[in-house]
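Summary of the model geometry
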Amino acid sequence: RTVYLNGAWLPETEAKVSVFDRGFLFADAIYEVTAVIGGKLIDYYGHAARLQRSLSELGIACPLSEEALLDVHRDIVLRNHLDEGLIYLQISRGADDRDFAYPVKAEPTLVLFTQAKPVLNNPRSQTGLSIATVPDWRWERRDIKTVQLLYPSMAKMEAIRRGADDAWLVEDGFITEGSAATAHIVKADGTLVTRGLSNALLHGITRASIIDLARGAGMTVEERPFSVEEAQEAAEAFITSATNFATSVIKIDDVVIGDGKPGPIAGKLRRLYSETRLA
Ligand code: PDD
């Protein structure tokens, strides 16, 4: 692969970052993941806006203008002949002597790489996912998309150990979100329930699009927390994320959701998303 590092296009084996980089030492970095289908960027402007918000929360200056950033995204797709998969972007505060205080004049490190992966025809979208619930022991600024991903990684491993595909995280009896996706349920009357935005969860870009599409299709949307029990009793459950679109959940811990097959409403939202966001 050809990767982008601080203004240079390099073979992946030649792209090097300092051991003093604060992304490496302090997880002092933010990231974005944008899906690519048929060589096109999906929901790009949402991801670009959230990137700016994460940077401003941490006081890191964006190394490129908005136009240049879009050009780099388009360029990396072409250089890697990426048809379907994702673009990963990371910006760290940069390298300096190790100190908890932010360095005064570190140059941010900007990295982009691509990863090919089936998104539209991901086999999991046909079968649905089984979920294990795990306590949400992350920090309280989950709205900032930082690279502090150790706990979500531990939670996913715990879910896999328990025979599930992935984890939903639970705080005070309510689902916050998945290890790397937004959690949603559909009630028997067809209402979509998804947690409202706060510091407790990442403000998902796919979530925002799915809510718009659901409302546009005449569905009622309730933005409020839902408990593990409410999710287990729901007609449908599903996740959204850049690389999953909307993917059904068919089991939460020991409880089968609905009839144990991917539900029609999640399927419809997934279809609407792929028809409208791939334009
Ligand atoms: N994860 N919540 C968390 C904790 C996430 O990490 C993600 C995305 C989402 C969904 O956000 P969006 O719809 O904007 O992708 C929600 C990315 C894909 C990842 O870490 O790979």
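Scoring rules and cut-offs
Residues numbered from 1 in each chain as written. Predicted model: local features only at pLDDT ≥ 70, side-chain atom pairs only at ≥ 80, totals over all residues. Domains from an automatic or database assignment. Contact = placed C-beta atoms within 7 Å. Helix = DSSP H or I, 4+ residues; strand = E, 2+ residues; numbered from the N terminus. Nonpolar A, V, L, I, M, F, W, Y, C, P; charged D, E, K, R; others polar. Core = buried A, V, L, I, M, F, W, Y, C linked by C-beta atoms within 7 Å. Buried ≥ 20, exposed ≤ 12 C-beta atoms within 10 Å, placed from the backbone. Near = placed C-beta within 6 Å. Pairing = 2+ DSSP bridges. Axes fitted to C-alpha atoms, helices over the stretch in contact; angles between N-to-C directions. Parallel < 35°, antiparallel > 145°, perpendicular 65-115°, else oblique.

Considering the domain arrangement of the protein chain
Domain parsing of the protein chain yields domain 1 (2-116) and domain 2 (123-276). Inter-centroid distance (C-alpha atoms) of domain 1 to domain 2 is 26 Å. The partner domain 2 presents 12 residues to the 19 residues of domain 1 that form the contact. For the side of domain 1 that touches domain 2, the secondary structure elements donating two or more residues are β3 (29-37), α2 (44-58) and β5 (85-92). Its residues assigned to classes, the side of domain 1 that touches domain 2 comprises 9 nonpolar, 6 polar and 4 charged.

Brief notes about the nonpolar core
Ranked by internal contacts, the top residues of the largest apolar core, which has 37 residues, are I131, A167, A237, V249 and L269. Take this core: its biggest share by element is 5 residues, from strand β14 (residues 245-252). When neighbours within four sequence positions are excluded, A167 is seen to be in contact with I131, A132, V134, A155, K156, E158, A159, G178 and S179. One finds Y4, I76, L82 and L89 within the second-largest nonpolar core, a separate group that totals 13 residues.

Side note on unusual backbone geometry
Positive phi is not limited to glycine here, since D43 has a value of about 55°. Its place among the elements puts D43 in the loop between β4 (40-41) and α2. Of note, H81 is a non-glycine position whose phi angle comes to about 50°, a positive value. Counting through the fold element by element, H81 comes out in the loop between α3 (66-79) and β5.

Description of the site of the ligand
Around the ligand, the structure places 14 residues, and the nearest of them are L202, G204, I205, T206 and A242. Counting only elements with at least two residues in the shell around the ligand, the list comes to α6 (205-216) and β13 (236-241). For the shell around the ligand, the element with the most residues is α6, which contributes 3 residues. Of the residues belonging to the shell around the ligand, the class tally is 6 nonpolar, 6 polar and 2 charged.

Examining the sheet that holds β5
A sheet is described by the order of its strands in space; here 6 strands give the open sequence β2-β1-β6-β5-β3-β4, paired in antiparallel fashion. Strand pairing shows two members of the sheet lacking a second neighbour, β2 (8-11) and β4, which therefore form its edges. Taken together, the 8 bridges between β3 and β5 define a ladder with antiparallel strand orientation. Note that in β5 the partner of V33 across the bridge is Y88. On top of the sheet, α3 reaches β1 (2-5), β2, β3, β4, β5 and β6 (109-116); it is set at about 40° to β6, its chief contact.

With respect to the pairing of strand β10 (residues 182-186)
Taking burial as the measure, the 5 residues of β10 include 5 buried ones, the bulk of the element. Of the two faces of β10, the one holding T182, H184 and V186 and the one holding A183 and I185 are both buried throughout. Bridge count for β10 against strand β11 (residues 192-194) is 3 bridges, and the pairing is antiparallel. Within β11, the residue paired with V186 across the bridge is L192. What sits between the antiparallel neighbours β10 and β11 is a turn of 5 residues, in which G190 has the positive phi angle 90°.

Observations regarding the pairing of β13
Among the 6 residues that make up β13, 6 are buried, leaving the element largely enclosed by the rest of the structure. A two-sided burial pattern is seen for β13, the buried positions comprising E236, F238 and T240 on one face and A237, I239 and S241 on the other. Summarising the sheet, β10 and β13 pair through 5 bridges and their orientation is antiparallel. Note on β13: the bridge partner recorded for A183 is I239. What sits between β13 and β14 in their antiparallel hairpin is a turn of 3 residues.

Considering the environment of L112
For L112, the location among the structural elements is in strand β6. Among the residues examined, L112 registers 21 C-beta atoms within 10 Å and is labelled buried. L112 sits 24 residues away from Y88 along the chain, and the two C-alpha atoms are 5.5 Å apart. Contacts of L112, omitting those with residues within four sequence positions, involve V3, Y4, V72, I76, I87, Y88 and L89.

Looking at the packing of α6 against helix α8 (residues 264-276)
Taken N-terminus to C-terminus, the directions of α6 and α8 make an angle of 105°; their axes are 10 Å apart at the nearest point. Compared by their axis directions, α6 and α8 come out roughly perpendicular. Every residue of α8 that contacts α6 at S209, I210, L213 and A214 is listed here: L269, L272, Y273 and T276. Of the residues in the contact of α6 with α8, the class split is 6 nonpolar, 2 polar and no charged.

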